[in-house]
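Close look at the chain arrangement
Each chain, written out:
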Amino acid sequence: MRIKVRDEKIIRAMKKLEGIDIIIKTIEDAKKAMRLILRKTEISRTTDYGGLKDIAITQVVEHVTSAVEYQTYYEVEFILTEDRFIEMEIALIKELQAMFDKI
């Protein structure tokens, strides 16, 4: 499954959770930030979290009203070791979305 997260929400989460200001210029920057954010979730403290093999991130630039104005999103895909960890993935997505909504 994939979730869509605006770059500014990742930046705000890093400020809130780690107390640092970051700049995201590349997919690798976004991936590092997401890994740090994932460490702060409740799900990461469970044994099922070991079923998360990796995360894949794709950058999406949307031109909302013109070629000059745009928003950058990152599609975050959770790669599981086995399908039996789908419940953990759903719980993780819900927790992340709640976290990003508060920011």
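None of these values were measured; they are calculated from a predicted model. (Residues numbered from 1 in each chain as written. Predicted model: local features only at pLDDT ≥ 70, side-chain atom pairs only at ≥ 80, totals over all residues. Heavy atoms only, no water.)

1. Remarks on the overall build of the chain
Heads up, the rule is: Secondary structure elements are taken from DSSP: a helix is a run of H or I of four residues or more, a strand is a run of E of two residues or more, and numbering for both begins at the N terminus. Think of it in three bands: with a 1.4 Å probe and only protein chains considered, a residue is buried below 20% of the maximum accessible area for its type, exposed above 50%, and partly exposed in between. Pairs of residues are marked as contacts when any of their non-hydrogen atoms sit within 4.5 Å.
Counting its regular elements, the chain contains 3 helices and 3 strands. Listing every helix and strand of the chain by position from the N terminus yields β-α-α-β-β-α. A principal-axis box enclosing the C-alpha atoms of the chain has dimensions of 45 × 30 × 25 Å. In the chain, buried positions account for 34% of the 103 residues. In the chain, the share of contacts with a sequence separation of at least 24, taken over all contacts with a separation of at least 6, comes to 58%.

2. Overview of the pairing of strand E1 (residues 2–6)
For a regular strand, the rule is simple: side chains alternate between the two faces of the sheet. The test is simple: Only strands that DSSP links by at least two bridges are regarded as paired with each other.
In E1, alternate side chains face the same way, and those of Ile 3 and Val 5 are buried while those of Arg 2, Lys 4 and Arg 6 on the opposite face are not. Across 5 bridges, the pairing between E1 and strand E3 (residues 71–80) is antiparallel. Its bridge partner lying in E3, Lys 4 is registered against Glu 75.

3. Describing the side chain of Lys 31
If you trace the backbone, Lys 31 turns up in helix H2 (residues 27–39). Looking at Lys 31, the relative accessible area reads 16%, which means it is buried. Residues in contact with Lys 31, not counting those within four places in the same chain, are Asp 54, Ile 55 and Ile 57.

Function cannot be inferred from these measures alone, as they are strictly geometric.
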